[in-house]
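Report on the structure
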Amino acid sequence: MPAYLDHNASTPVDPRVLEAMLPYLSGPYGNPSSLHRYGRLARDAVERARGQVATLVGAQPGELIWTSGGTEANNLALKGVCQGGRAGRLLYGASEHPAVMEAAESLRAAGWPVEVIAVDAQGRIAESAFRQQLRAGPVRLASLMRANNETGVIHELAPWVSAIHAAGGWLHVDATQAAGKLPLDFAGLGADLLTVSSHKIYGPKGVGALVVRSEVELQPLLHGGAQEKGMRGGTENLPAIVGFGAAAELALQELETRMAHQQDLRERLDAGLRAIPSVRLFGDGAPRLSNTTQFSLEGWDGEALLMHLDRLGYAVSSGSACASGSGEPSHVLLAMGVDAMVAKGAVRVSLGKDSQAAEVDGLLRALSQLSGRTA
Ligand SMILES: Cc1ncc(COP(=O)(O)O)c(C=O)c1O
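Residues numbered from 1 in each chain as written. Predicted model: local features only at pLDDT ≥ 70, side-chain atom pairs only at ≥ 80, totals over all residues. Heavy atoms only, no water.

**Structural notes on the packing of aromatic side chains**
Within the structure shown, the criterion is met by 3 aromatic pairs. Judged by centre distance (4.6 Å) and plane angle (50°), the rings of Phe 130 and Trp 160 are tilted. Here the residue Phe 130 occupies a position in helix 5 (residues 127-135), and Trp 160 occupies one in the loop between strand 5 (139-145) and helix 6 (161-166), the gap between them amounting to 30 residues. Both residues of the pair, Phe 130 and Trp 160, belong to the buried class. Above the ring of Tyr 202, the side-chain terminus of Lys 353 is found at 4.8 Å from the ring centroid. (Phe/Tyr/Trp six-rings, centres within 6.5 Å; stacked < 30°, edge-to-face > 60°. Helix = DSSP H or I, 4+ residues; strand = E, 2+ residues; numbered from the N terminus. Buried < 20%, exposed > 50% of the residue type's maximum accessible area, 1.4 Å probe, protein only. Lys NZ or Arg CZ within 6 Å of the ring centre and 35° of its normal.)

**Considering the site of the ligand**
The immediate surroundings of the ligand are formed by 13 residues, with Thr 71, Asp 174, Gln 177, Ser 197 and Lys 200 found nearest. Here an oxygen atom of the ligand and a backbone polar atom of Gly 70 are 2.8 Å apart. Separating a nitrogen atom of the ligand from a side-chain N or O atom of Asp 174 is a distance of 2.7 Å. Protein chains bury 88% of the 390 Å² of accessible surface belonging to the ligand in isolation. Here the shell around the ligand is composed, by residue class, of 1 nonpolar, 10 polar and 2 charged. (Near = heavy atom within 4 Å. Polar contact = N/O pair within 3.5 Å; in protein donor to acceptor, adjacent residues only side chain to side chain. Areas by Shrake-Rupley, 256 points an atom, 1.4 Å probe, with all protein chains shown as cover. Nonpolar A, V, L, I, M, F, W, Y, C, P; charged D, E, K, R; others polar.)

**Thoughts on the pairing of strand 3 (residues 89-93)**
Counted residue by residue, strand 3 has 5 buried out of 5 residues, so it is predominantly covered. Residues Arg 89, Leu 91 and Gly 93 point to one face of strand 3 and Leu 90 and Tyr 92 to the other, with burial holding for every one of them. Relative to strand 5, strand 3 runs parallel, the two sharing 4 bridges. Across the sheet, Leu 90 pairs through a bridge with Leu 141, a residue of strand 5. Summarising the sheet, strand 3 and strand 4 (residues 114-117) pair through 4 bridges and their orientation is parallel. Paired with Gly 93 across the two strands is Ile 117, which belongs to strand 4. As for the winding sense of the linkage, the β-α-β connection from strand 3 through helix 4 (residues 98-109) to strand 4 is right-handed. (Pairing = 2+ DSSP bridges. Right-handed = clockwise from strand over helix to strand, strands pointing away.)

As structure tokens, then:
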């Protein structure tokens, strides 16, 4: 199998997480809503995990709603808030993940006032434009990611919280890529909603959470039982939730070690890439996640380069995994003003906690071989 350098798309399940999950696949099978002992065992496990995930993001356990992942959490945040009452515009960042962008655009199609917050050439929030937007009238919700999945560019959100609140809006933070890679402090930041997903932090796929401050008026997307205080009906995915909790606890314990390890490797990667004349790095002038680099190699289409690298033994991504196969240039790079032809050539490397220097060196050798050649 090729060296796996696509951790922003998904991470392997940590063996310690699997160990925590296994008893819940073969053992306590009660429904967490049942009152008998089987149910109580399951409920205890769900609540333990709730505490573990809440601690990772600096929130209270009672503020957390389980979802099927980051996509559902983002949809719940945007649709749940906009459909919850008060008027006001929905603002979202131009480089947001499709799980925010498409949710917002579906609200626009249904008649909601929606505006895009521009980013600058480095992928940072375009400050003066955003300030003007906030002054232009009431805001219902501003949705901004903490860190970008493609470029790794980190958004500084703290300076915006009071301005968003002054405009009457709530702040939703998509922290799907930031969790486990940056310290998160939901309470300290003063954010109102925050999204996290398990499979980006070495937990199982198909489980995530939306953190919601109690003051936020939220409408559920899924109506059904009274689970999650009526905000998300449906029997909880017990083994996945237990795995998410275990992954969150490990992510917090090992945050500094993982960040330092990835940062070393990424600097090695970036230095090697800069030495290849036909490489262009994106978002290089902004603070970036310790594990992520997006670049293009002149003369190459991103997907052709990806397939070549796959054959040579390196699994990377072209733009966002969700957009792969679409042949469309990355909307993130287009929002940063990158030419569409250059943007089509983008490839993303996302390192993980167990990535090795030898993998980075091998990838750099492969890229050096391919530079100067065309697909
Ligand atoms: C920034 C961001 N938000 C949301 C998502 C969607 O998360 P999930 O795959 O858990 O639905 C992703 C997944 O790549 C992401 O990177």
